[in-house]
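One-letter residues, chain by chain:
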Amino acid sequence: MPPPSPRTSESVNDRRNPTTLLIGVAIAVATMVVIAAGDERGLIGAVGVAVTGESGWPAILWMLAAAGLGHGIGLLIGPTSAESGGRRLRDWALGVAALLALDLGLGWVGIGTNRAFVTTMSLGLAAVGVWSLRDWRPTAPGIALPAAIPIGTMLLAAASVPGWLWETEFGGYDALSYHLQLPREWWLAGAIVETPHNAYGYLPNGVEAAFLHLNTLVGDPTAAAQSCQLLAALLVLAAAFGTGELAASLMGTDREAARSDAGRLGFVALLATPWVIVVGSLAYDEPAVLLLGTAAFTTVLGLRDSTAGWRLGLVLGLLLGGAMLLQWPLGQLSDMVDRRWILGGASIIAGVAAVYAAAETAAGPRLYAAAFVFGGFCLSQYSLVVALIHDHLRPAE
């Protein structure tokens with residue numbers, strides 16, 4: 001019988017020795033207690049830990065629901081050449097993107113504020129998510145153990161009442177003015193509605209639709225504010241795992257120990273960035289962008305062994321080329337037809353192209369065509385949204 005591979009040996013040892021993982025959790029909790037002690041403006045000591053637990057369940061439920069949805073999409077797409085960690089990251093990121101889109105659609109039609117429906121849907125998807133993670137076992141943090149300190153800092157800040165932290169963000173002005181305000185108004189209105197008094201309401205607002213989802217789960221937008229911030233923190237943690245997978249993919253070596261160390265260092269590097277701690281503790285869009293970005297690059301790098309480099313470059317070039325070539329005709333058409341119809345149609349076409357491209361297992365003419373269509377109809381939407389916003393502004397504004 002051949003000896004076990006280094007990967008198998010390390011995996012077994014990691015599963016049998018959870019001590020360092022528990023130490024990491026203890027360090028994160030201790031960090032929350034020590035940082036908060038004696039600060040009269042925010043949370044004090046163990047209260048911060050308690051609020052994290054109390055306000056964290058809607059965010060955890062949302063992430064598990066995204067995992068369940070992503071598991072279903074992953075089964076439809078099929079396996080990739082990437083290792084299990086890369087496949088799990090891909091599926092979870094697809095689930096996050098799909099649940100953002102689903103929340104947006106449900107919010108538009110008014111179902112997204114029905115608490116019974118949203119809770120039932122979330123629990124069902126979360127159950128699938130838990131089942132999809134049945135074979136996952138946490139590995140020992142190793143050299144990633146120091147990340148427990150920024151994780152504790154970020155969680156404490158996310159559990160704090162919004163509006164007084166981070167002077168660099170003007171006390172979370174953006175979060176209070178539209179990231180949290182828009183979902184509050186939508187929840188009170190019973191659906192995602194136009195907000196002529198708030199120009200940001202005319203942006204796509206996918207993450208804000210997720211915040212509406214949490215508002216509906218909790219039943220009170222004010223009480224759900226910390227839950228929204230904790231969702232941002234969980235997305236940053238997922239993005240940190242994605243950064244680790246990306247770093248391991250960039251190693252390009254068969255030495256499992258080196259790949260593992262690169263992954264752990266990538267995990268620490270993202271969480272050790274002060275800007276990440278700030279945006280990961282505020283109800284911002286950036287955490288979702290970080291997660292989806294790292295997952296996309298990891299997936300592309302995972303294809304390099306089975307796909308020629310020039311083919312991958314052609315796909316990326318067609319994404320950008322489609323945006324450049326279709327931006328003018330879409331803009332011209334939006335000047336003649338209600339821009340919202342153009343945005344809706346472009347979103348549907350881009351979504352169909354994305355699903356079609358994801359189903360392609362090899363680079364070829366069909367994938368190139370799908371990449372061109374997706375790039376043209378998706379990446380052109382920013383200029384259309386800006387034009388729509390200016391349609392509702394006076395020249396002086």
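Just so we're clear, the structure is a prediction, and the values are computed from it rather than from any experiment. (Residues numbered from 1 in each chain as written. Predicted model: local features only at pLDDT ≥ 70, side-chain atom pairs only at ≥ 80, totals over all residues. Heavy atoms only, no water.)

1. Some details on the overall build of the protein chain
Here's step 1: Counting its secondary structure elements, the protein chain contains 17 helices and zero strands.
Here's step 2: Expressed as a percentage of contacts within the protein chain between residues at least 6 apart in sequence, the contacts between residues at least 24 apart total 76%. (Helix = DSSP H or I, 4+ residues; strand = E, 2+ residues; numbered from the N terminus. Contact = heavy atoms within 4.5 Å.)

2. Topic: helix 15 (residues 339-359)
Here's step 1: For helix 15, which comprises 21 residues, the first-to-last C-alpha distance of 30 Å matches the rise-based estimate of 30 Å (1.5 Å per residue) to within 8%.
Here's step 2: Along helix 15, the positions that sit buried rather than exposed are R339, I342, L343, A346, A350, A353 and A357. Mapping the buried residues of helix 15 onto a view down its axis gives an arc of 100°, with all of them on the same face. Opposite the buried face of helix 15, by more than 90 degrees, sit the exposed residues W341, I348, V352 and V355. (Expected span 1.5 Å × (residues − 1). Buried < 20%, exposed > 50% of the residue type's maximum accessible area, 1.4 Å probe, protein only. Arc of directions from axis to C-beta.)

3. Section: the pattern of salt bridges
Here's step 1: Under the criterion given, the structure shown has five salt bridges.
Here's step 2: D91 is paired through a salt bridge with R90; the nearest N and O atoms lie 2.7 Å apart. The pair D91 / R90 is uniform in exposure class, with both members buried.
Here's step 3: Here R340 makes a salt bridge to D338, at a shortest N to O gap of 2.8 Å.
Here's step 4: Residues joined in a network through salt bridges with shared partners are E194, D338 and R340. (Salt bridge = Lys/Arg side-chain N within 4 Å of Asp/Glu carboxyl O.)

4. Thoughts on the nonpolar core
Here's step 1: W62, L231 and L271 are the most contacted members of the largest nonpolar core, which has 57 residues in total.
Here's step 2: A total of eleven residues in this core trace back to one element, the largest contributor, which is helix 10 (residues 225-251).
Here's step 3: In this view, W62 contacts V96, L99, L100, D103, A210, H213, L214 and L231; residues no more than four positions away in its chain are not counted. (Core = buried A, V, L, I, M, F, W, Y, C linked by side-chain atoms within 4.5 Å.)

5. Overview of the environment of G219
Here's step 1: Secondary-structure assignment places G219 in the loop between helix 9 (206-218) and helix 10.
Here's step 2: Taking the relative accessible area as the measure of exposure, G219 reaches 28% and is therefore partly exposed.
Here's step 3: On a C-alpha basis, the gap between G219 and W187 in space is 9.1 Å, while along the polypeptide they are 32 residues apart.
Here's step 4: Aside from chain neighbours lying at most four places away, what touches G219 is R115 and W187.

6. Points about the packing of aromatic side chains
Here's step 1: Considering all chains together, one arrives at two aromatic pairs under this definition.
Here's step 2: Look at Y178 and Y200: their rings are 3.8 Å apart centre to centre, the planes differ by 5°, and that puts the pair in the stacked class. Highlighted residues: Y178 in helix 7 (residues 173-179) and Y200 in the loop between helix 8 (181-189) and helix 9, separated in sequence by 22 residues.
Here's step 3: One residue, R134, lies across the ring of W131, its end atom 3.7 Å from the ring centre. (Phe/Tyr/Trp six-rings, centres within 6.5 Å; stacked < 30°, edge-to-face > 60°. Lys NZ or Arg CZ within 6 Å of the ring centre and 35° of its normal.)

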